[in-house]
Amino acid sequence: MVKYISNTGGGDPVDFETAILDGFAEDGGLYVPESLPKITNEHLSKWKDLDYVSLAFEILSLFIDRTVISETDLKKILQTAYGSFEKKEIIPLHPLKSRKDTYIMELFHGPTLSFKDVGQAFLVNLVNFFLQRKNKHLTLVVATTGDTGPAAAFFAAGKSNLDTWVLYPKGLITEEQERQMTTLQQANIHPVSVSNCPDGADDLDAVIGKLYANIPFKRKLNLSSVNSINWGRVMMQTVHYFYGYLQVVDVVGEHINVSVPSGAFGNLCAGTLAREMGLPVKYYIAGNNINSCLHRIFSEGRFTKKELYETASSAIDILIPLNFWRFLFFKANKDPIKIKQWIDTFNKTGSVKFDNETFESYKKGILSNSATDKEVLSIINEIYKNEGYLLDPHTAVSVQAADVLKESIGNEKLICLATAHPSKFPEVIKNALNTNILPDEAVHKSIEKAKKHCEKKYTCDYTNLEEALSHAMETNWDLNKGK
Ligand SMILES: *Cc1c(COP(=O)(O)O)cnc(C)c1O
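Before going into details, it helps to say that this report is about the structure given with it. Since this is a predicted model, take the numbers as computed values, not measurements. (Residues numbered from 1 in each chain as written. Predicted model: local features only at pLDDT ≥ 70, side-chain atom pairs only at ≥ 80, totals over all residues. Heavy atoms only, no water.)

### Notes on the nonpolar core
Ranked by internal contacts, the top residues of the largest apolar core, which has 112 residues, are F16, Y82, F122, F324 and W325. Considering each element in turn, this core owes the most residues, 11 residues, to helix α10 (residues 231-248). Every residue in contact with Y82, bar those within four places of it in the chain, is listed here: Y52, V53, I90, V118, A121, F122 and M236. Ranked by size, the runner-up nonpolar core spans 28 residues in total, among them I316, Y384, L390 and A402. (Core = buried A, V, L, I, M, F, W, Y, C linked by side-chain atoms within 4.5 Å. Buried < 20%, exposed > 50% of the residue type's maximum accessible area, 1.4 Å probe, protein only. Helix = DSSP H or I, 4+ residues; strand = E, 2+ residues; numbered from the N terminus. Contact = heavy atoms within 4.5 Å.)

Following this line, the structure appears as structure tokens:
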């Protein structure tokens, strides 16, 4: 049975269930599997015609022991999770006409219209399955740049073993994203609008870290998280790389390139693990906006925190791509001592310069780019005008990056990940298309429906968030303890 260890070396190895339910490792590190399953071209050939859910079953079965979840239960969890998606393919691929051998992988057909649904659908249902089996209750806390929150809230809504607190930086997410959280009426969902966050959602993550560090509080409320550091999300997100690969290749074994709009690096970390497992990907592209921490990491060998810029692709306005440390663990000889030293240096000084050997090792097969809003808007406009296909601003970041790096990546087939439906970003779309009237492609019925419902939320200021939030959480817990 595969054990999970902290990428910073603290604590004892734990089993899969503990890694999922704890979120963070005991020493504050990220859980990584002691070893990754390997797949061959024979696996890939066998899987070639599977639908998304059947493929997910095959891949997850490499990670999850049958004694932990039976075959029947795993199938049931997957069917429940993806039953709420609006397309039968779950994540369809759309070929672009204006670019040769280029496919947009639409990861936004889940109930809250972003790629976060893909991971959360499975993770929240998995957590719920474990809790029901143990007859336990858990309090989830997540911070969001706009998409994780709605997805976590949607899948947790009405599940009696879960209370879910979703923190978002007021004014830094769109009204559409906010209403996806605040119009859920189920009593176990608690959206918290936080004003005056100087560093956006990164600030909220820091406060969640402090709540975790308060051990009596953490124990009393059974705190956990389904944010992008939870292993369950990363593991689930490996599946769409396999799925996309099998959809576009003519011959199993041929290499492809994949471009990923990146913030916390959870999505792309999963991609690199899929490659580590044996998926033939030549280059991954990390697409940043001008909050370009990842671009600095991959082009300069430097992990540096800078000030936050508000951009058109707000869901990737992230200063600290936490999952990079998980990825680096696999690239730095699985040496937790080194990872811990780098993280400590970063926490002390706000910057780490990696040695040459490490830099060479982790950047192999990964290119990066940083797109300005002007470039993002112009690509949305171009593709809509030319072929009537509307990109959301994050998807535009991935297409833009691939355009810029075209020469370096070569002529292999290219998949650009589409991570949100344009209806979540109507103002950006209007801007990009120079119009006040949204085209049909930027309207979605679920977004329209949310406009008609009442909102329910807490409001807090960042300056006293830790105290106010722990008070609200504890009061809610005490009131409902009998459940
Ligand atoms: C979260 C998100 C991303 C970035 O994913 P990471 O795993 O944080 O890198 C990209 N686009 C959209 C729309 C998102 O919501």
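This is not the end of the story, as more comes after the structure.
### Describing the pairing of strand β7 (residues 189-195)
Summarising burial for β7: 6 of the 7 residues are buried, a large majority. Between strand β6 (residues 162-169) and its parallel partner β7, the chain crosses via helix α7 (residues 175-182), and the hand of that crossover is right-handed. By the bridge criterion, 4 bridges tie β7 to strand β15 (residues 458-461) in an arrangement that is parallel. Residue pairing across strands places S193 opposite T459, the latter belonging to β15. (Right-handed = clockwise from strand over helix to strand, strands pointing away. Pairing = 2+ DSSP bridges.)

### Notes on the side chain of H394
Checked against the element boundaries, H394 lands in helix α17 (residues 393-404). A polar contact of 3.5 Å, which involves the side chain of H394, links it to the backbone nitrogen of S314. When residues no more than four places from it in sequence are discounted, the contact partners of H394 are P261, S313, S314, A315, I316, T419, A420 and F425. (Polar contact = N/O pair within 3.5 Å; in protein donor to acceptor, adjacent residues only side chain to side chain.)

### Digging into the sheet that holds β6
Across the sheet, which stays open at both edges, the 5 strands sit in the order β8-β5-β6-β7-β15 with parallel pairing between neighbours. With partners counted over all chains shown, the strands left at the sheet margins are β8 (223-224) and β15, one partner each. Where strand β5 (residues 138-143) lies against β8, 2 bridges are found, and the strand directions are parallel. Residue L140 lies in a different strand from β8, and its bridge partner there is S224. Running at roughly 160° to β6, helix α21 (residues 465-480) makes contact with β5, β6, β7, β8 and β15 of the sheet. (Axes fitted to C-alpha atoms, helices over the stretch in contact; angles between N-to-C directions.)

### So, the pattern of salt bridges
For the structure shown, the criterion picks out 22 salt bridges. When the shortest N-O distance is used, the salt bridge between E382 and R99 registers 3.0 Å. Of the two residues, E382 is situated in helix α16 (residues 373-387) and R99 in the loop between β3 (93-95) and β4 (102-106); the sequence distance between them amounts to 283 residues. Taking the shortest distance from any N to any O, the salt bridge between R179 and E455 comes out at 3.5 Å. Residue R179 is located in helix α7, and its partner E455 is located in the loop between α20 (445-450) and β15; the two are separated by 276 residues in the primary sequence. Given a relative accessible area of 37%, E455 falls into the partly exposed group. Connected via shared salt-bridge partners are E178, R179, E455 and K457. (Salt bridge = Lys/Arg side-chain N within 4 Å of Asp/Glu carboxyl O.)

### A closer look at unusual backbone geometry
Unlike most non-glycine residues, F265 shows phi in positive territory, near 75°. Looking at the secondary structure, you find F265 in the loop between β9 (256-261) and α11 (266-277). Positive phi values are uncommon outside glycine, yet N333 reaches one of about 55°. Along the chain, the position of N333 falls in the loop between α13 (323-331) and α14 (336-349). Note on N333: relative accessible area 64%, which makes it exposed.

### Looking at α16
Two residues of an α-helix separated by three or four positions point the same way, owing to the 3.6 residues in each turn. Between the first and last C-alpha of α16 there are 21 Å, a value that for 15 residues agrees with the 21 Å anticipated at 1.5 Å per step. For α16, the full list of buried residues reads V376, I379, I380, N381, I383, Y384 and E387. (Expected span 1.5 Å × (residues − 1).)

### So, the site of the ligand
Around the ligand lies a shell of 15 residues, among which K116, D147, G263, A264 and T419 are the nearest. F265 is positioned with one of its backbone polar atoms (N or O) 2.9 Å from an oxygen atom of the ligand. One of the backbone N or O atoms of N267 is found 2.8 Å from an oxygen atom in the ligand. When the free accessible area of the ligand is taken as 380 Å², the share hidden by the protein chains comes to 98%. Of the residues contributing to the shell around the ligand, the split by class is 7 nonpolar, 6 polar and 2 charged. (Near = heavy atom within 4 Å. Areas by Shrake-Rupley, 256 points an atom, 1.4 Å probe, with all protein chains shown as cover. Nonpolar A, V, L, I, M, F, W, Y, C, P; charged D, E, K, R; others polar.)

### What about the state of the cysteines?
A covalent bond bridging the sulfur atoms of two cysteines is what the word disulfide describes. Enumeration according to the criterion identifies 0 disulfides in this entry. With no disulfide partner, C197 has as its closest neighbouring cysteine sulfur the one in C460, 10 Å distant. Left unpaired, C269 is separated from the closest cysteine sulfur, that of C293, by 15 Å. (Disulfide = S-S within 2.5 Å.)

### Comments concerning the packing of aromatic side chains
The geometry of an aromatic ring pair comes down to the distance between the two centres and the angle between the two planes. Considering all chains together, one arrives at 32 aromatic pairs under this definition. Judged by centre distance (5.2 Å) and plane angle (75°), the ring pair of W342 and F354 falls under edge-to-face. Highlighted residues: W342 in helix α14 and F354 in the loop between β12 (351-353) and α15 (356-363), separated in sequence by 12 residues. With relative accessibility at 9%, the residue W342 sits in the buried group. For F354, a relative accessible area of 3% translates into the label buried. K75 extends its terminal NZ or CZ atom over the ring of F57, reaching a point 4.7 Å from the ring centre. (Phe/Tyr/Trp six-rings, centres within 6.5 Å; stacked < 30°, edge-to-face > 60°. Lys NZ or Arg CZ within 6 Å of the ring centre and 35° of its normal.)

### A few points about helix α12 (residues 293-300)
For α12, the complete set of buried residues consists of C293, L294, R296, I297 and F298. In this structure, the buried residues of α12 make contact with β10 (281-288), β11 (302-304), α13, α15 and β13 (366-370). G301 sits one or two positions beyond α12 and adopts a positive phi of about 75°.

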